[in-house]
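# Structural features, examined
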Amino acid sequence: MWPARNRWGVSQRNALRHELDRLFDSFVERDPFAPVATTRPFPALNIWEDNNRLMVEAEVPGLSLEALEILVQGNELTIKGQRRPAVTESEVYHRRERGTGEFTRFVTLPYEIESEGVEATLKDGVLTIVLPQAEKVRARKIQVKSS
Amino acid sequence: MSDTTNIEKRTATTTTAEQTRSGCTFVPAVDIIEQDDELLLLADVPGARAEDIHIDYERGQLRLEARVDERQEDDTRYLLREYGVGDFVRVFQVGEGIDPARIQAAVKDGVLTVTLQKHPEAMPKKIDVRNG
């Protein structure tokens, strides 16, 4: 759950430092309070269920659908992609928090997916994938005949 | 160094502005890049469109705010919830070298680009050396 993990272990004094980032005056110095990045899978995912289908949402700002590859096999979902730097690497970065590079996120889903029915949309940097449950694993109502 | 395995959505630990909306506020990840005549500020604001973004410059402070509404119902039962959705806010102290009259901004695919032009006197100059 996200609220519990969004802590950078910084004191209040340092927290204020994050709010008032200096943009121009101090561009030579490196931020001594820059938080140590924790290694987490990218992209972060929210998954919920909606009427026999799973909804997967991820925030992937700056990516186009062409830069993303979505693979579904059985109950496994793979999201692959690459985020390129906005400018050439040789530019002078005073701050660099936006990650770049290749990523692969692999998720095991609670049930098999009808891969033909998978739909992905990307809008304003938010990816939404609709994954319908495979017909063969849907619960069926069993008719009970009286003998 | 920077790579996609180190990305984490940060909640704001302090707020410099009054909280006018409910929910969590997030600190957008930014890149600040210096070029000869301008600074480029890139901020990840997924879910925000141009009309959701408010940029104010006052007394040397540049404040970025991107309003992002919850995309799902409050009672959504998540099987996995690795991030929250809410407004992005971040404030920057802008130095003397920036011309506040010429700050421009655009947003595309959830990335906000703010261009801050330098004052001409703050630009690097090449000094010609003459033979005496």
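These notes cover the structure that comes with them. (Residues numbered from 1 in each chain as written. Chains lettered and ligands numbered in written order. Predicted model: local features only at pLDDT ≥ 70, side-chain atom pairs only at ≥ 80, totals over all residues.)

## Regarding the overall build of chain A
For chain A, the count of helices and strands is two helices and nine strands. Walking chain A from its N terminus toward its C terminus, one meets helices and strands in the order α-α-β-β-β-β-β-β-β-β-β. Out of the 147 residues belonging to chain A, those deemed buried represent 24%. The long-range fraction of contacts in chain A, counting pairs at least 24 apart against all pairs at least 6 apart in sequence, stands at 52%. (Helix = DSSP H or I, 4+ residues; strand = E, 2+ residues; numbered from the N terminus. Buried ≥ 20, exposed ≤ 12 C-beta atoms within 10 Å, placed from the backbone. Contact = placed C-beta atoms within 7 Å.)

## Things to note about the overall build of chain B
Across its full length, chain B holds zero helices and 10 strands. Secondary structure of chain B in N-to-C order comes out as β-β-β-β-β-β-β-β-β-β. Here chain B holds 132 residues, and the buried ones make up 36% of them. A separation threshold of at least 6 residues defines the contact pool for chain B, and within that pool the share at least 24 residues apart is 54%.

## Looking at the pairing of strand 5 (residues 76–83) of chain A
Side-chain direction in a regular strand flips from residue to residue, so the side chains alternate between the two faces of the sheet. Residues and elements named next belong to chain A. Here strand 5 shows a clear split, with L77, I79, G81 and R83 buried on one side and none of E76, T78, K80 and Q82 buried on the other. Pairing between strand 4 (residues 68–73) and strand 5: six bridges, direction antiparallel. When the bridges of strand 5 are listed, L68 appears paired with G81. Pairing of strand 5 with strand 7 (residues 101–108), which is carried by eight bridges, proceeds in the antiparallel orientation. Residue pairing for strand 7: L77 is matched across the bridge by V107. (Pairing = 2+ DSSP bridges.)

## Concerning the sheet that holds strand 9 (residues 98–108) of chain B
Ordered in space as 6(A)-3(B)-4(B)-10(B)-9(B), the five strands form an open sheet in which the pairing is antiparallel. Whereas interior strands pair on both sides, the edge strands pair on one side only; in this sheet they are strand 6 (92–96) of chain A together with strand 9 of chain B. The mean inter-strand angle of the sheet, taken between neighbouring strand axes irrespective of direction, is 15°. As judged from the four bridges shared by strand 6 of chain A and strand 3 (residues 30–34) of chain B, these two strands associate in the antiparallel manner. (Axes fitted to C-alpha atoms, helices over the stretch in contact; angles between N-to-C directions.)

## Let's talk about the environment of A:E66
Residue and element names in this part refer to chain A. Along the chain, the position of E66 falls in the loop between strand 3 (53–59) and strand 4. For E66, a count of 8 C-beta atoms within 10 Å gives the class exposed. Each C-alpha atom, one on E66 and one on T78, is 15 Å from the other, the two residues being 12 residues apart in sequence.

## Quick look at the sheet that holds strand 3 of chain A
Spatially, the five strands line up as an open sheet ordered 8(A)-9(A)-3(A)-2(A)-7(B), and their pairing is antiparallel. Two strands close off the open sheet at either side, each with one partner strand: strand 8 (119–123) of chain A together with strand 7 (78–81) of chain B. Ignoring strand direction, the axes of neighbouring strands in this sheet form an average angle of 15°. Judged from the three bridges that link them, strand 2 (residues 45–49) of chain A and strand 7 of chain B form a sheet pairing that is antiparallel. Counterpart to A:I47 in the pairing with strand 7 of chain B is B:L80.

All we've got here are geometric facts, nothing functional implied.
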